[in-house]
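The primary structure of each chain is shown beneath.
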Amino acid sequence: MLKYLANITKEGQKRKLTGKDKRIISAVAIIMSLYQLWQSTFSSIQPLLHYSIHLTFILVLGYMLYTPYEGCDITKIPKHDYLLAIMAALSGIYYATQIPRYLLRWPQVDPLLALDIVAGIIIVLFVIELTKRTMGSVLPSIGVIFLLYALFGHLIPGYIGHRRIVPIDVLDQLVFTTNGVFTSPIVVASTYVFLFVLFGSFFANSGAGDFFYKFSMSVAGRYTGGAGKVAVVASALFGMINGSPTANVVTTGSFTIPMMKKVGYDSKFAGAVNAVAATGGGIMPPIMGTAAFLMVEMAGIPYIDIAVAAALPGILFYLALGFMVHFRAKKLGLTAVDPKDLPPVGKTLKEGFPFILPLVVLVAMLIKGYTPSLAAVAGIVSVIAASFFRKETRMSMEKILKSLEDGALQSVIVSLSCAIAGIVINGLMITGLGGKIASLVLSVGGGNIFGALLITAVLCTILGMGMPVAAAYALTVSLAVPSLYELGIPPMPAHMFVVYFSTLSAITPPVAVAAYAAAGIAEANASKVGWYACWMGIVSFIVPFIFIYQPVLLINVKTFSLHTLFVMFGCMLGVIAMAAGMEGWLRDRAGKITRIALFISGLMMLYPETMTTVAGLVVFAAIYAYQRIKIKNSSLAA
C-alpha cells in the first residue's frame with residue numbers, strides 16, 4: 001500500500017499476458033463485444049442498464065489489463081487486481097439489479113440504501129483510479145477537481161462559490177441519474193464509439209491495412225517526393241477509420257518515416273509530417289475519430305449534416321499538408337519512389353477492392369439515415385464478407401475472435417475518459433459553474449467574438465492534451481460551447497470549433513502525444529518535432545476561426561450553390577498558396593518577400609469573401625506567372 005501511495009500519480013502500463021491470465025481477459029473481452037453486438041441489433045434493453053453493463057465490463061477489463069503504475073510486473077495479473085476486478089463486477093451487478101428502483105425514485109428526495117452508497121462510491125473511485133492507470137494523472141485530476149468543487153465549492157467566497165450541496169446528493173446525481181457518469185459521453189461511448197472501435201479492429205485484422213498501404217504506395221509513390229506523399233495518404237486512410245492520432249502514427253509511421261528519411265527528408269520533417277497526417281483523421285469524415293457521433297448526441301445535429309460540413313475543412317487540411325510535402329521535395333530535388341518498389345495500381349486494386357466495400361456500406365447506411373450503431377454492425381459484417389473474396393485474407397474464427405477481443409480492449413481508454421467527462425459535466429451542472437465559465441470567457445474576451453474564441457481554443461487545447469478525440473471533445477464541449485452560444489454562434493460551427501482544437505492538441509506542445517510518438521520513430525528531438533508539426537498544421541489552426549465568421553466553409557447540402565463551388569475552389573488554391581509561402585517554393589525558390597506575399601494571398605483566398613478571394617487569386621497568379629516566365633527565360637539562356 002505504501003509503495004502504491006508513493007506512485008499514486010504515475011501512469012500504469014499495459015500488460016502483456018500469457019497462459020491463464022490471457023485466456024481470462026480474452027474471454028471477458030470477447031463476451032463484452034458479443035454483448036455489445038447483441039444489444040445494438042436484437043435487444044431493446046433499458047438504456048441505463050446498458051450503460052451500467054458497459055461500464056462494468058470496462059472496469060473489469062481495466063483492472064486486468066493495466067498495472068497500477070510503471071515498473072510493475074506486466075506478465076501476470078496479481079491477486080489484488082483480480083480482487084478489484086471482482087469488486088467492480090459485483091458493484092456493477094448490484095447496480096444493474098437495482099435499476100428498476102432507480103428509475104422510479106426521485107433523486108435527492110428518496111433516500112439511497114447503504115449498499116447503493118457503497119456501490120456508487122466504488123464506481124466513482126474505480127473510474128478515477130483506472131483513468132490514472134491508463135492515461136496518467138492529468139485527466140483524473142480534472143475530474144477530482146470538479147468533484148471537490150461540487151463538495152466544497154460553497155466554502156469559496158464570491159462569484160465562483162455555490163450553495164452547499166450535501167455529499168450524498170452529489171453521489172446521487174453522479175451515479176444514480178443520467179447527469180453524471182452515465183451522461184452523454186458514456187452514452188455514446190457505450191453505443192456508437194464502441195461499435196466503430198470494433199469495426200476498426202475487424203478492419204485492421206482483415207488485411208485491409210496492408211491494402212491501404214499498398215494503395216498509398218501505388219497512387220502517391222510515383223510522384224515527386226513520393227515517400228512523403230505516401231505518408232500523407234496512408235495516414236489519411238488509416239486515420240479516417242481509427243481516429244486515434246497516436247495509434248495512427250505508430251501504425252503507419254513505422255514504415256513511412258524510415259522510407260521518408262531514406263529518400264532524403266530530414267528526421268524532424270518526416271516525424272512532423274506523420275504526426276500531422278495522423279492527427280487529421282480526427283477531423284476527416286466519415287468517422288472523425290467518433291467525434292461526429294458525439295456531436296449527434298450532444299449537439300442534436302444529424303450525422304449526415306456533420307459529415308458533409310466537415311468534408312471541406314478536412315480536405316483543406318490534407319491538401320495543405322500534401323503540398324507542403326510536394327514543395328519540400330521540389331526544393332530538395334527529391335524524386336519519386338523507385339518504380340521497382342511500387343506495387344502496380346491495377347493489381348493492388350484487383351486484390352484489395354473488396355476492402356472498399358465495408359467503407360461504402362458504412363457511408364451509404366449513414367447517408368440513408370440508419371443509426372450509426374446499425375451502420376457499424378453492417379460494416380463489421382461486410383468486412384468479414386470482404387475478407388472471403390481472396391483465400392489469403394479470409395478471416396478465420398481465430399481472427400474473428402481476435403478482432404472481438406481487440407475491439408473491447410481498445411475501448412477501455414475512450415470509455416474511461418468519457419466517464420471522467422461525465423464527472424466534469426456533473427460538476428458543471430449541479431453547481432451552475434457552466435454558466436459562470438461562459439460569462440467569464442465572455443468578460444475576459446472583452447465581449448468580442450475573437451477574444452472569446454481565442455480563450456476557447458486555448459482551453460480546448462489544454463483539456464484535450466493526451467486524450468483520444470472523442471474523449472477530448474466530450475470533456476471540452478461542456479466547458480467551451482456555452483460561451484460560444486452566448487455569442488450567437490450556431491451549433492454546427494460552435495461544436496466543430498471545439499472538435500478541431502480538441503483534436504489538434506495531439507500536435508500541440510507541451511503534451512503533443514502524436515508528435516512525440518513520431519519523434520521516437522524518426523529518432524528526432526521530440527520538442528522540435530512537436531513545434532514543427534504545429535507549424536505544418538497551421539492551416540488547421542486558422543480554418544476554425546474562419547468558419548466561425550463565415551459558416552459557408554461548412555458546406556450545407558440544402559444551401560449548396562455555384563457560390564459554394566467558388567468558395568471551395570478559392571479555399572483549395574488558398575491552402576496551396578499558404579503551403580508555398582511556408583516552404584518557400586512554388587514553381588521555383590521564393591525569397592522572403594515572395595513567401596510573405598504567397599502566405600497572405602493564401603489567407604485572402606481562404607477567407608470566403610468574393611473580394612478577398614479575387615484579390616488573393618490575382619496576387620497568387622502574378623507570382624506563379626512571374627516564376628514560370630523566369631524559369632522559361634533561364635532555360636532559353638542556358
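This report concerns the structure included in the present document. Predicted model only: the values in this text are computed from it and were never measured.

### Focus: the overall build of the protein
Then, number 1: Looking only at helices and strands, the protein features 29 helices and zero strands.
Then, number 2: Relative to the globule expectation of 26 Å for 638 residues, the C-alpha radius of gyration of the protein, 25 Å, shows essentially globular dimensions.
Then, number 3: The principal-axis extent of the C-alpha atoms belonging to the protein is close to 90 × 65 × 50 Å.
Then, number 4: By residue count, 58% of the 638 residues in the protein fall in the buried class.
Then, number 5: Across the protein, contacts joining residues at least 24 apart in sequence account for 77% of those joining residues at least 6 apart.
Then, number 6: Side-chain charges of the protein comprise 44 positive and 26 negative groups, with the mean position of each set lying 8 Å from the other.

### Considerations on helix α7 (residues 138-152)
Then, number 1: For α7, with 15 residues, the first-to-last C-alpha span of 21 Å sits near the 21 Å given by 1.5 Å per residue.
Then, number 2: When α7 is considered as a whole, its buried residues turn out to be L139, P140, I142, G143, F146, L147, Y149, A150 and L151.

### Observations concerning helix α10 (residues 208-220)
Then, number 1: With 13 residues, α10 should cover 18 Å at 1.5 Å per step; its first-to-last C-alpha distance of 18 Å lies within 8% of that length.
Then, number 2: What α10 keeps buried is the set A208, G209, F211, F212, S216, M217, S218 and A220.

### Quick look at the packing of aromatic side chains
Then, number 1: With the rule as written, the count across this model stands at 20 aromatic pairs.
Then, number 2: Ring centres of Y95 and F182 lie 5.4 Å apart, and the angle between their planes is 40 degrees; on these two criteria the pair is classed as tilted. Taken together, the residues span a long stretch of sequence, with Y95 in helix α4 (residues 79-97) and F182 in the loop between α8 (167-175) and α9 (184-205) at a distance of 87 residues. Across this residue pair, the class does not change: Y95 and F182 are buried.
Then, number 3: An aromatic cluster is built from F450, F497, F501, F541 and F545, whose rings are joined through pairwise contacts.
Then, number 4: Sitting above the plane of the Y159 ring, K436 keeps its charged end 6.0 Å from the centroid.

### Digging into empty space enclosed by the protein
Then, number 1: Throughout the structure, instances matching the rule amount to two cavities of 30 Å³ or more.
Then, number 2: Its volume calculated, the largest cavity comes out at about 60 Å³.
Then, number 3: Within the residue set of the lining of the largest cavity, elements represented by two or more residues are α3 (47-65), α4 and α6 (114-135).
Then, number 4: Residues belonging to the lining of the largest cavity are distributed by class as follows: seven nonpolar, four polar and no charged.
Then, number 5: Considering only enclosed or pocket space, the second largest cavity measures out at about 40 Å³ in volume.
Then, number 6: Secondary-structure elements contributing two or more residues to the lining of the second largest cavity are α15 (303-332) and α26 (538-549).
Then, number 7: It is α15 that contributes the most residues to the lining of the second largest cavity, three residues altogether.
Then, number 8: For the lining of the second largest cavity, a count of residues per class yields six nonpolar, two polar and no charged.

### Some thoughts on the side chain of T252
Then, number 1: Tracing the sequence through the fold places T252 in helix α12 (residues 245-263).
Then, number 2: The exposure class of T252 is buried, given its relative accessible area of 0%.
Then, number 3: Setting aside residues up to four positions removed in sequence, T252 forms contacts with A234, S235, F238 and N274.

### Quick look at a positive patch on the surface
Then, number 1: On the surface, K330, R587, R628 and K632 cluster together into a positively charged patch.
Then, number 2: Tracing the backbone through its elements, the reader meets R587 in the loop between α27 (562-583) and α28 (592-606).

### Topic: the side chain of S505
Then, number 1: Looking at the element boundaries, S505 is found in the loop between α23 (491-504) and α24 (513-522).
Then, number 2: With relative accessibility at 1%, the residue S505 sits in the buried group.

### A closer look at the nonpolar core
Then, number 1: Grouped together as the largest cluster of nonpolar side chains are 228 residues, with contacts concentrated most on L61 and M496.
Then, number 2: In contact with M496, other than residues within four places in its own chain, are M288, M295, I306, A309, A310, F547 and L554.

### Considering the pattern of salt bridges
Then, number 1: Under the defined criterion, the tally for this structure stands at twelve salt bridges.
Then, number 2: Two residues, K261 and E523, come together in a salt bridge whose shortest N-O distance is 3.8 Å. In this pair, K261 sits in helix α12 while E523 sits in the loop between α24 and α25 (526-536), placing the two residues 262 residues apart along the sequence.
Then, number 3: For E523, a relative accessible area of 67% gives the class exposed.
Then, number 4: Salt-bridge contacts for K402 lead to D406; the nearest nitrogen and oxygen are separated by 2.8 Å. Taken as a pair, K402 and D406 lie in helix α19 (residues 397-431) at a separation of four residues, close to a single helical turn.
Then, number 5: Overall, D406 belongs to the buried group, its relative accessible area being 14%.

### Re the state of the cysteines
Then, number 1: Here the structure, examined in full by the defined rule, presents zero disulfides.
Then, number 2: This cysteine, C418, is not joined by any disulfide, and C460 carries the nearest cysteine sulfur, 16 Å off.

### Details of unusual backbone geometry
Then, number 1: The backbone of Q108 sits at a positive phi, close to 65 degrees, despite the residue not being glycine.
Then, number 2: Here Q108 lies in the loop between α5 (99-104) and α6.

### Thoughts on the environment of S373
Then, number 1: Relative to the elements of secondary structure, S373 occurs in helix α18 (residues 372-387).
Then, number 2: In this structure S373 comes out as buried when scored by relative accessible area, which is 10%.
Then, number 3: C-alpha separation for the pair S373 and I462, spaced 89 residues apart in sequence, amounts to 31 Å.
Then, number 4: When neighbours within four sequence positions are excluded, S373 is seen to be in contact with S40, T191, Y192 and L195.

### Let's talk about the layout of surface pockets
Then, number 1: Estimates place the volume of the largest pocket at around 1,200 Å³.
Then, number 2: Every residue lining the largest pocket is counted, 40 residues in all, and those nearest its centre are S244, T246, A247, Q410 and I413.
Then, number 3: Elements represented by at least two residues in the lining of the largest pocket include exactly α6, α9, α10, α11 (226-242), α12, α19 and α22 (469-486).
Then, number 4: Counting residues per element, the lining of the largest pocket draws most heavily on α9, which supplies seven residues.
Then, number 5: When grouped by side-chain class, the residues that make up the lining of the largest pocket number 22 nonpolar, 15 polar and three charged.

Parameters at a glance
Residues numbered from 1 in each chain as written. Predicted model: local features only at pLDDT ≥ 70, side-chain atom pairs only at ≥ 80, totals over all residues. Heavy atoms only, no water. Helix = DSSP H or I, 4+ residues; strand = E, 2+ residues; numbered from the N terminus. Rg over C-alpha atoms; globule rule 2.2 N^0.38 Å. Buried < 20%, exposed > 50% of the residue type's maximum accessible area, 1.4 Å probe, protein only. Contact = heavy atoms within 4.5 Å. Lys, Arg positive; Asp, Glu negative; His and termini not counted. Charge placed at Lys NZ, Arg CZ, Asp CG, Glu CD. Expected span 1.5 Å × (residues − 1). Phe/Tyr/Trp six-rings, centres within 6.5 Å; stacked < 30°, edge-to-face > 60°. Lys NZ or Arg CZ within 6 Å of the ring centre and 35° of its normal. 1 Å grid on protein atoms, 1.4 Å probe; cavity = no way out; pocket = protein on both sides within 12 Å on 5 of 7 lines; lining within 4 Å. Points joined across faces, edges and corners; volume = space filled by probe spheres on them. Nonpolar A, V, L, I, M, F, W, Y, C, P; charged D, E, K, R; others polar. Patch = residues over 30% accessible without salt bridge, like charges linked within 9 Å, V, L, I, M, F, W, Y side chains within 5 Å. Areas by Shrake-Rupley, 256 points an atom, 1.4 Å probe, with all protein chains shown as cover. Salt bridge = Lys/Arg side-chain N within 4 Å of Asp/Glu carboxyl O. Core = buried A, V, L, I, M, F, W, Y, C linked by side-chain atoms within 4.5 Å. Disulfide = S-S within 2.5 Å.

These figures come from the coordinates and say nothing about function on their own.
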